[in-house]
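Tertiary structure, described
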Amino acid sequence: MKKLLNVSLFLAVLILGIALLVSGLIDGTAFVAFIVSGYLGVSVYALLPSITEFSIGGNSVKFQEKLNEAERITDELKKLKSIAVKTTLKSLKIQQKANLLVYQNLLEFRDIYQLLSDTKEFETDYQVLVMETALSLRENVFDFVDLEIESYKSQWSNWRDKYVREYIRANINQDSLSSRVRMSIRFANQYLYLSHFIDGLSAGGTPMLKIISVEDGWHMIMKGTTWKGR
């Protein structure tokens, strides 16, 4: 595979040089210089893994040592990233006293998830942690839904979903809903968005997390004054 790549690079340099020459963008001398410099660059790339030391201005540089140091720094940065991500996600799981704080946590969670889901480490290092955070956030969202359901099953289950859907259907078309009730319905929808997101993660995918809009205004609700009184 490596040899094939090197050959392809050599051919690419040659084809590009010929194209520039035929189009008149370079003359014969420049063509020769381009080919020589291109081939030299490809040769260095091909031999790079076997180069252990080279000299710059009479100073010897041990390439392998520098490469090992760069790899060590990269590993340390990965560890720091992992610690920062885990700490942040853990903080987002904490129950909040106000619905606005839960909403802000949702936005931050989505931003972090979007960054992590594009990395090759997501499935091995972060998928379970993201799942646990989403489950906790779903519980926090339910704190601000005007629906009394006794929690007798695991948070990993979607057993509440049917009750939440029924609650939305029963209230969505009613006239003269208070701001408080409208906010409750919006959080009920957010609960279902999180359930859909969790299902996607469980299936091994990287689904998009939908979050309710604030375009219709915001009604602040404190947990101590909610219907459930929790």
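Every chain begins its residue count from 1, and numbering advances along the sequence as written. Per-residue local features are limited, in this predicted model, to residues with pLDDT of at least 70; the limit for side-chain atom pairs, both in listing and counting, is 80 or more; totals at the level of whole chains, interfaces and linings are taken over all residues. Hydrogens are left out, water is left out, and the side-chain values use all remaining heavy atoms of the structure.

Notes on the environment of Ala188
Helix and strand assignments come from DSSP, with helices taken as H or I runs of at least 4 residues and strands as E runs of at least 2, each series counted from the N terminus. For Ala188, the location among the structural elements is in helix 7 (residues 179–202). The spacing of Ala188 and Val141 is 47 residues in sequence and 7.8 Å in space, taken between C-alpha atoms. Only heavy atoms matter for contacts: two residues are in contact if any of them lie within 4.5 Å across the pair. Look past the residues within four positions of Ala188 in its chain and what remains in contact with it is Val145, Val164, Tyr167 and Ile168.

Here's the deal with the pattern of salt bridges
Throughout this description, the term salt bridge denotes a Lys or Arg side-chain nitrogen within 4 Å of a carboxyl oxygen of Asp or Glu. Under the defined criterion, the tally for this structure stands at 1 salt bridge. Across the pair Glu139 and Arg160 runs a salt bridge whose closest N-O atoms are separated by 2.9 Å. Taken together, the positions of Glu139 in helix 5 (residues 122–142) and Arg160 in the loop between helix 5 and helix 6 (161–171) put the pair 21 residues apart, joining distant regions of the chain.

Description of the nonpolar core
Burial of nonpolar side chains together is a common tendency in soluble globular proteins. Membership of the largest hydrophobic core comes to 44 residues, with the highest contact counts inside it found for Leu89, Phe109, Val130, Val164, Tyr167, Phe187 and Phe197. Elements with a contribution of two residues or more to this core: helix 3 (63–92), helix 4 (99–117), helix 5, helix 6 and helix 7. For this core, the leading source of residues is helix 7, giving 11 residues. Apart from the residues lying within four places of it in its own chain, the contact partners of Leu89 are Phe109, Ile112, Leu129, Val130 and Thr133. Joining through side-chain atoms within 4.5 Å is the link that ties buried Ala, Val, Leu, Ile, Met, Phe, Trp, Tyr and Cys residues into a set, and such a set is a nonpolar core. Buried residues are those whose accessible area, probed at 1.4 Å on protein chains only, stays under 20% of the maximum for their type, while exposed residues exceed 50% and partly exposed ones sit between those limits.

Description of the packing of aromatic side chains
Any pair of Phe, Tyr and Trp rings, taking the six-membered ring for Trp, is counted once the centres come within 6.5 Å. Such a pair is stacked with planes under 30 degrees apart, edge-to-face with planes over 60 apart, and tilted for the rest. For the coordinates displayed, the defined rule picks out 8 aromatic pairs. Aromatic pair Tyr103 and Trp218: ring centres 4.9 Å apart, planes at 55°, arrangement tilted. Remark: Trp218 occurs in the segment after helix 7 and Tyr103 occurs in helix 4; sequence separation between them is 115 residues. On the accessibility criterion, Tyr103 (9% relative accessible area) is buried. Taken together, Tyr103, Phe144, Phe187 and Trp218 form an aromatic cluster joined through their ring pairs.

Remarks on the layout of surface pockets
Computed over the protein atoms alone on a 1 Å grid, cavities are sets of points where a 1.4 Å probe fits but cannot get out and pockets are open sets with protein on both sides within 12 Å along at least five of seven lines; a residue lines them when it has an atom within 4 Å of a point. Grid points are joined across faces, edges and corners, and a volume is the space filled by probe spheres set on the points. Empty space within the largest pocket amounts to approximately 330 Å³. Residue polarity is assigned by list, with Asp, Glu, Lys and Arg as charged and Ala, Val, Leu, Ile, Met, Phe, Trp, Tyr, Cys and Pro as nonpolar; anything else, Gly included, falls into the polar class. By residue class, the composition of the lining of the largest pocket is 8 nonpolar, 5 polar and 4 charged.

Let's talk about helix 4
Multiplying 1.5 Å by the helix residue count minus one yields the expected span of that helix. Between its first and last C-alpha, helix 4 extends 26 Å over 19 residues, near the 27 Å set by a 1.5 Å rise per residue. Regarding helix 4, the residues found buried are Asn99, Val102, Tyr103, Asn105, Leu106, Phe109, Ile112, Tyr113, Leu116 and Ser117.

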